[in-house]
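Fold and contact review
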Amino acid sequence: MKRYFKDIWDSFYTIGIGMGVTFRHLFTKSVTIQYPDVKLELTDRARNRLYVNMDDCIGCDQCSKACPVNCITIETVKAVPPDDLGVTSTGNPKRLWVTKFDIDIAKCCYCALCVYPCPTECIKMTDVYEFSEFDRHNLLYNFSTMTPAEVENAAMKFEKWQADKAAAKKETTDKKKAAGEKPQPKKQETGDSNKNNPPDENKSES
Amino acid sequence: MVETLEQFLPHPLLALFIHAALPMVIVFPYVLFAVWLERKVSAHMQDRLGPMRTGGWHGWSQTIADMIKMIQKEDIVPSRSDKFLFKFAPFLAFMGSYAAFAVIPFSSEYIGAHLDVGAFYILAVTSIVTLSILMAGWASNNKWSLLGAMRTSAQIVSYEIPTVVAVLSVIVATGTLNLMTISEMQSGTIFNWLIFHSPFLFIAFVLYFISSLAEVNRTPFDLPESESELVGGFHTEYSGMRWGMFMLTEYADMFLVSLLGSVLFFGGWNSPFGDFMSGPIWGVFWMISKGMFFIFVMMWLRWTLPRLRVDQLMDVCWKYLIPFAFVNLVLVALWEMIF
Amino acid sequence: MPELRTEEMVINMGPQHPSTHGVLRVELVLDGEIVVDAIPHIGYLHRCFEKHSESMNDYQQVIPYVDRMDYVAAISNELGFAIAMERMLGIEVSERVECIRVIFAELQRIASHLVAIGTYGLDIGAFTPFLHCFRDRERILDIFESTCGARLLYNYIWVGGLSHDVPTDFKDKVRDFVQYFPPKIKEYNDLLTYNKIFIDRTADVGVLPADVALNYASSGPILRGSGVNWDLRRDDPYSIYDQFEFDVVVGKGEMGTVGDCWDRYIVRVREMEQSIRIIAQAVERMPDEGDVKAAVPKRIRPPEGEIYARTETPRGELGYYIISDGSMSPYRVKARSPCFVNLSVLPAISRGSMVSDVVAIVGSIDIVLGEIDR
Ligand code: SF4
Ligand code: SF4
């Protein structure tokens, strides 16, 4: 019998305490924010969408090797004399045309493993997190700045150069001068303001 | 009031129709408001803000938008269901709870039907909701729905007893089943309200409130639709407007028991300050604010408490509420005899 | 009148069910509301992580995968893997790294227990504690985010070190949290733990006696809830846990029988208090200077061999069994996941209870399907 009344008392008492807690919270300040209108400042270490500064990329394929989900695809063509691609802002000489630099951001798991091995620190994670798309193909980011024509040109020149070299080796004669006009790499604007712009959304040709 | 309407309108039937539709004017906006309020109350209790975007100030039109969305939705009927029962159940549910509004005296001038057995009528007609829930659960041809429906019928049938006995205590004290008369008896100041009439009527109110929570399936007695166990309970298979009808019924039921509680214990449409702020229009105001208060308490409870298990639910009813209700009834009667 | 025929009802709880914590499917055989048998079916979240690990170029690349096993407590998974690899390679990490690891692992334990008790409240029907827990969990995630940039899957603890040094205000933030959190535990207790309805729902439900718990090899709060005093942090110390003072919380059957759902729940609540104690000690102990990447090997090429290392994650004993063939990529990575083992007690303790109790039991086991299926 005692137990019976104690149960009743316990129920009312604990319910009362619980109601007190919720009532206090009715007047505490809310901790949520109105997201699209108000946005939280992300820390500078935030790991969101990848950005590649193609001016600095030397096409070394380190990032692609480090990626655990293989979402970076890099194709390069060796630049042949007299084309000189210059040096990166960190002073590494660029020797390859990066004909293809695709990141399938839909596959990316934001582990940032690709960021650490890059010798020129040109692949980095930005604080952009709003890049949802209706079509998944649009998430295949195409960072290479070369047009298909330029790619073909570079490939052609490399082949020619190789053929020439082979021929030169064989005949041990002087190298012939490469003919045809030299493509200039399309310059991309640098600067921080560019950092957050969505990359080119061209679909991949392959 | 029907007579007044009849003077202005060409046909007496039209007058009757308008008269019958009047509670709708209160119930519909109330449901929209209550759903919004529920979201807001829950949000603030959880340190959130709740809907903020739709319609400017604190998202006031969120429920209107939701209703429009619900009407537009595809009406899905499971292919293996009992089509007629499945389609009809939500309407029956709403009919049951709306019919009960007929005898609620909203003000000294307005009551749908001046029944002498008003309290009895309400208790009888709200039982239709049980039937419709059972129909919905059975017709859905879904095991979860069936479990939910079985739980509901067991629950509502059991909890009807303490509710009725608690209401009976009031009837013993007042000597009438007519809700209008009960309201009139409580006019004057706040101390004329029946809840202050005797200590046992206060206990009767507590019993009434707890068992009415169970009658309308609110936490901690929301087992029929317990979303974390039975997915959605009896309305698992419902979507769109039919689901909306169940939602409407749930909130209308809450409103109904709150209004009945305020009529029986809190003076109905009477102002708490005697003659100050009283009159037919103020009557509607007081009635609705009293109802809203109880609804707020129900929400407050819902966002505080966990849910009981089905056997504990029965324990609460048969081992605690019913004995208390009967003892209390006897004590109320004794009190009436002595004083 | 012929005798009424009754029949048991088979009902599938899940994989899409609000209370199965992911994609668990429990096949329930019901007699009315009474459970005759409960058979868990798993595999809906199988992502071949163990197999994937074998095809990585590098041991480092396995870490993002172990993160995703128990995604509620990613740091704990990383820590286990890192410790296994360090033992294999014979790497000693500095005191500073160890302290940061301990702080992170304990913060993660609190975050994970917050999810556990919050969703447990949700299973029982109380919604508000759930959001209160998440509110406080956000604070922990903020600390994580300011350190390594990620909020859920960190890739923070590396073999031999950490991916980032902590930010300059790290100690203040952690101290703030240590101040902030204990009053909140009291609030959960007021709101949920000692609520009569909650106690009625969980006490004497799903009783797991100590011998059954041991026979099923369960671990973590499940085992301690049954009154077995076993915690790897104390009994098989890794990292620098042996240098901190803390109590191992065990269930005592305060509200019912030892080993019921309430005991398992309260063990989590009290473990959070102990974690706060460890964090407070670790913050004071942590040296201010030191390179967190000093011991990170340039390339991870363990000698041929195998290792089994176990750690105490919020869910129990997480063991990694790693075989190396001397190359850059692992030959085999096998995880002994605590949830998988813990879930196996479900049929044993849910027979004879009610449908609502199954929800309570599954919630009290605190499973993460990502870890069970891997
Ligand atoms: S962040 Fe990780 S998953 Fe994404 S591209 Fe870099 S290495 Fe690959
Ligand atoms: S590691 Fe850096 S430089 Fe090398 S390919 Fe990747 S982005 Fe370019």
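Let me sum up the structure you'll find in this document. Numbering of residues starts from 1 in every chain and runs along the sequence as written. Written order determines the labels here, with chains lettered from A and ligands numbered from 1. pLDDT decides what is reported in this predicted model: residues at 70 or higher carry local features, side-chain atom pairs at 80 or more are listed and counted, and totals for whole chains, interfaces and linings draw on all residues regardless. Side-chain numbers here rest on the full set of heavy atoms in the structure, without hydrogens or water.

Because each turn of an α-helix spans 3.6 residues, side chains separated by three or four positions in sequence point in the same direction. Residue and element names in this part refer to chain B. For the purposes of this entry, the term helix denotes a DSSP run of H or I that reaches at least four residues, the term strand denotes a run of E that reaches at least two, and both are numbered from the N terminus. A helix is expected to reach a length of 1.5 Å times the quantity of its residues less one. If you check helix α2 (residues 12–45), its first and last C-alpha atoms are 50 Å apart, about what 34 residues at 1.5 Å a residue would give, namely 50 Å. To obtain the bend at a residue, axes are fitted to the seven residues ending there and to the seven starting there, and the angle between these axes is taken. Bending of α2 peaks at approximately 25 degrees at the position of Ala20, with proline Pro23 no more than four residues after it. Of the residues flanking the end of α2, it is Asp47, one or two places downstream, whose phi is positive at about 60 degrees.

Below, the discussion takes up the layout of surface pockets. A pocket here means an open set of points on a 1 Å grid, computed over the protein atoms alone, that has protein on both sides within 12 Å along at least five of seven lines. A cavity is instead a set of points where a 1.4 Å probe fits but cannot get out; residues with an atom within 4 Å of a point line either one. Grid points are joined across faces, edges and corners, and a volume is the space filled by probe spheres set on the points. Size it by volume and the largest pocket reaches roughly 1500 Å³. Elements that contribute at least two residues to the lining of the largest pocket include exactly α1 (2–26) of chain A, α9 (199–215), α11 (280–302) and α12 (310–338) of chain B together with α7 (196–202) of chain C. Take the lining of the largest pocket: its biggest share by element is 10 residues, from α1 of chain A. Gly is placed with the polar residues, together with every amino acid not listed as nonpolar (Ala, Val, Leu, Ile, Met, Phe, Trp, Tyr, Cys and Pro) or charged (Asp, Glu, Lys and Arg). Residues belonging to the lining of the largest pocket are distributed by class as follows: 29 nonpolar, three polar and 11 charged. Roughly 1200 Å³ of internal volume is contained in the second largest pocket. Counting residues per element, the ones that place at least two in the lining of the second largest pocket are α5 (128–148) and α6 (170–193) of chain C. In terms of residue count, the dominant contributor to the lining of the second largest pocket is α5 of chain C (nine residues).

One heavy atom suffices: a residue is near a molecule or strand as soon as one of its heavy atoms comes within 4 Å of it. Neighbouring ligand 2 are 14 residues; Cys57, Cys60, Asp61, Cys63 and Cys118 of chain A lie closest to it. Per-class residue counts for the shell around ligand 2 are 10 nonpolar, three polar and one charged.

Okay, the state of the cysteines next. Any two cysteine sulfur atoms within 2.5 Å of one another count as a disulfide. Summed over all chains, the structure comprises zero disulfides over all chains. There is no disulfide at Cys261 of chain C, and the cysteine sulfur nearest it, in Cys339 of chain C, is 16 Å away.

In this section: the sheet that holds strand β7 (residues 316–324) of chain C. All names here are of chain C. Note on pairing: DSSP must find at least two bridges between two strands before they are called paired. Read from one edge to the other, the open sheet built from three strands follows the order β6-β7-β8, with strand pairing classed as antiparallel. Of all the strands in the sheet, the pair left with one neighbour each is β6 (305–313) and β8 (332–336). Here the strands of the sheet are splayed against their neighbours by 15 degrees on average, with no regard to which way each runs. The pairing of β6 with β7 spans nine bridges and is classified as antiparallel. By the bridge assignment for β7, Tyr308 is matched with Tyr321. The axes are straight lines fitted to the C-alpha atoms, using for helices just the contacting stretch, and the angles between their N-to-C directions are given from 0 to 180°.

Residue and element names in this part refer to chain C. For Ser226, the location among the structural elements is in the loop between α9 (221–225) and α10 (232–235). Remark: exposure states derive from per-residue accessible area (1.4 Å probe, protein chains only) relative to the maximum for the residue type, with buried under 20%, exposed over 50%, and partly exposed in between. A relative accessible area of 4% means that Ser226 is categorised as buried. If we skip the residues at most four places from it in the chain, Ser226 touches Leu208, Pro209, Ala210, Ala213, Val258 and Gly259. Residue contacts are defined here by distance: any two heavy atoms, one from each residue, within 4.5 Å place the two residues in contact.

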